[in-house]
Amino acid sequence: MSTELTTELTTDILVIGSGIAGLTYALAAAERGQVTLVTKKERAESNTNWAQGGVAAVLGPDDRPDLHIGDTLVAGAGLCHRDRVEILVNEGPSRVRELMAWGADFQRTDEGLALGREGGHSRRRIVHAADHTGRMIETALLAAVASNERIQVLEDHFAVDLLLGIDPASGQNRCGGALVLDHGEGRTYPVRARITMLATGGAGQVYRHTTNPAIATGDGLAMAYRAGALLANLEFIQFHPTAFYPTADPAFLISEAVRGEGAVLRRRDGTAFMDRHHRLGSLAPRDVVARAIDRELAETGDEHVLLDLEGIRPERFRERFPGIAAHCEAQGVDLARGIPVVPAAHYVCGGVVTDAWARTSIHGLLAAGEIACTGVHGANRLASNSLLEALVFSHRASVTTARDLDFVDWIDAAPALAGEADHPPTSPDPHLEGDRREVRSLMWSEAGIVRTTDRLASADEVLAPILARQERLAAGEPGDLERHQLRNLTQTAHLIVRSARMRTESRGLHYMLDHPWRDNEGCLRDTLLRR
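Participant: How would you sum up the side chain of Arg174? Please name residues and give values.
Facilitator: Mapped onto the secondary structure, Arg174 falls in strand β10 (residues 173-182). Given the relative accessible area of 8%, Arg174 is considered buried. In this structure the side chain of Arg174 is engaged in a polar contact, spanning 3.4 Å, whose partner is the backbone oxygen of Arg194. Those residues within four positions of Arg174 in sequence are excluded, and the remaining contacts are Leu163, Leu164, Gly165, Asp167, Arg194, Ile195, Ile362, His363, Gly364, Val408 and Ile411.

Have a look at this one:
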């Protein structure tokens, strides 16, 4: 394709995002039609690529599906949809084996797959590749995509907004692709598709401290909301309890699997504290651990706690976690004295609502991976269920595509743009970086691990005018990638705050100091948002 001459691109299937969900879906969907995959950076940059832990699946001789289902339901704090959890757990092993057939090389022992254990799991069920599982999976999938002639990958392309139109066959509103920005050329053009798949990942960059890469700006969430899709449970933001301190941007993740191997959380004075907060101690679910660390830091005034590695043999630690060991040593950390850690924003448990077959509320639009709210995670994701969810429901999305593709055609569609255009500025906008810093700091302080009604109301009040300004400026600067990303980041932040204000209780990842208890009578339901 000559990018200089392209004013429009037509494809059977458009995939937006190049993480595990987008890549596995593209590989399966390519059996049915021509696939165009759009990724706003290099194809290997995604949350998948940064995942250290692994994939949870019932593969061990002492494990059973009912145990994995039970662990997931407990972590989800009453909001998991049991039927979706059963789908996840029962179909998971087959999807992991399929991933291995595509070239994923998980670690093995003489007895078979080497299975790790993480917080909230009652058995060892995490398949992994040392502490760089995501990178290994991404590498294998990218190689498979590169060798597939029916998949076209557009790197450095950014989906600005979905294309919407009326399907003449059904008379219903339908997604017909996306308006795409070639940010190397600074120009936009429509990519028209019969079926569109959202696999844009998460939104960790909404917060000042995050383990997510710079691309995780909530693009898919904001884009789907502007198009009128139904969203749910955005108040449930998972903060990984153990990011390396001091945090960079993004923060370096210290995998939960380290605690699964025997590490213990301690105050800087050496006092172990997790047994005071949960019966599972350092292997408690992530929400409990993150809040416990936050509370300990508030009590002591310290800036971090320590992850004590005394329970892990040094040679075992270096074998199991070579990347973590190398990073810590490069930062001058004496592993014998423990790793300094703090919580950081990590995963969005809510998202674009989908049915069991990855269909959203907009016809022609599918979603899978972190962007989607399948009902699996409820109020808190169980460790290493995220990559499994992406595998299972992207596969189901490919089944939907196989069923539907022959019955849909291309439609006349236009972008679902919001806001009115300003005149493009003649000089750099002083608000750009200032707004980004203000949004991220505001979300960390007012809508982070611990919240109050007043803090959320204050955040809502501050975000509204920033969002209005960014909407106007983005419409007036269609070729500015940073402007679009900030627009999406601010929109996603506003949606998180709106959702949090609607839940007047504490449940899972959503903890309200002025509503510290669960309210099963009034709040045992999903939090739904639509434009």
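Participant: An account of the sheet that holds strand β3 (residues 55-56) is needed here, citing residue identities and associated values.
Facilitator: Taken in spatial order, the three strands of this open sheet run β3-β7-β6, and their pairing is antiparallel. At either end of the open sheet lies a strand with only one pairing partner, and these are β3 and β6 (115-116). Sheet topology places β6 next to strand β7 (residues 126-127); two bridges connect them, and they run antiparallel. Paired with Gly116 across the strands is Ile126, a residue of β7.

Participant: Summarise the packing of helix α3 (residues 65-75) against helix α4 (residues 82-101); cite the residues concerned and give the values.
Facilitator: With their axes 9 Å apart at the nearest point, α3 and α4 run at an angle of 135 degrees to one another. By the criterion of interaxial angle, the relationship of α3 to α4 is oblique. Handedness of the crossing formed by α3 with α4: right-handed. Residues Pro65, His68, Ile69, Thr72 and Leu73 of α3 touch α4, and the partners they reach there are Arg82, Val85, Glu86, Val89 and Asn90. Taken together, the residues that form the contact of α3 with α4 break down as five nonpolar, three polar and two charged.

Participant: An account of helix α10 (residues 322-330) is requested, with residue identities and associated values reported.
Facilitator: Here α10 has its buried residues at Ile324, Ala325 and Cys328. The buried side chains of α10 occupy one side of the element, clustering within an arc of 100 degrees when seen end-on. Residues of α10 that are buried in the fold lie against β13 (237-244), α7 (257-260), α9 (314-320) and β16 (339-348). Positive backbone phi, at 80 degrees, marks Gly332, one or two positions downstream of α10.

Participant: Describe the environment of Asp409, with residues and values.
Facilitator: Within the secondary structure, Asp409 is located in the loop between α11 (385-404) and β20 (414-415). Between the alpha carbons of Asp409 and Gly323 there is a distance of 48 Å; along the sequence they are 86 residues apart.

Participant: Explain the pattern of salt bridges residue by residue, including any values.
Facilitator: Scanning the entire structure with this criterion turns up 39 salt bridges. Note that Glu261 is salt-bridged to Arg124, the shortest N-O span being 3.4 Å. Here Glu261 is found in the loop between α7 and β14 (264-266), whereas its partner Arg124 is found in the loop between β6 and β7, with 137 residues between them in sequence. In this structure, Arg316 engages Glu261 in a salt bridge whose closest nitrogen and oxygen atoms are separated by 3.3 Å. Taken together, the positions of Arg316 in helix α9 and Glu261 in the loop between α7 and β14 put the pair 55 residues apart, joining distant regions of the chain. Here Arg316 falls in the partly exposed class, since its relative accessible area comes to 25%. Using a relative accessible area of 15% as the deciding quantity, one classes Glu261 as buried. In this structure, a network of salt bridges that share partners links the residues Arg124, Glu261, Arg316, Glu319 and Arg320.

Here is what the cut-offs are and how they apply
- Residues numbered from 1 in each chain as written.
- Predicted model: local features only at pLDDT ≥ 70, side-chain atom pairs only at ≥ 80, totals over all residues.
- Heavy atoms only, no water.
- Helix = DSSP H or I, 4+ residues; strand = E, 2+ residues; numbered from the N terminus.
- Buried < 20%, exposed > 50% of the residue type's maximum accessible area, 1.4 Å probe, protein only.
- Polar contact = N/O pair within 3.5 Å; in protein donor to acceptor, adjacent residues only side chain to side chain.
- Contact = heavy atoms within 4.5 Å.
- Pairing = 2+ DSSP bridges.
- Axes fitted to C-alpha atoms, helices over the stretch in contact; angles between N-to-C directions.
- Parallel < 35°, antiparallel > 145°, perpendicular 65-115°, else oblique.
- Left-handed = near helix turned anticlockwise from the far one by under 90°.
- Nonpolar A, V, L, I, M, F, W, Y, C, P; charged D, E, K, R; others polar.
- Arc of directions from axis to C-beta.
- Salt bridge = Lys/Arg side-chain N within 4 Å of Asp/Glu carboxyl O.

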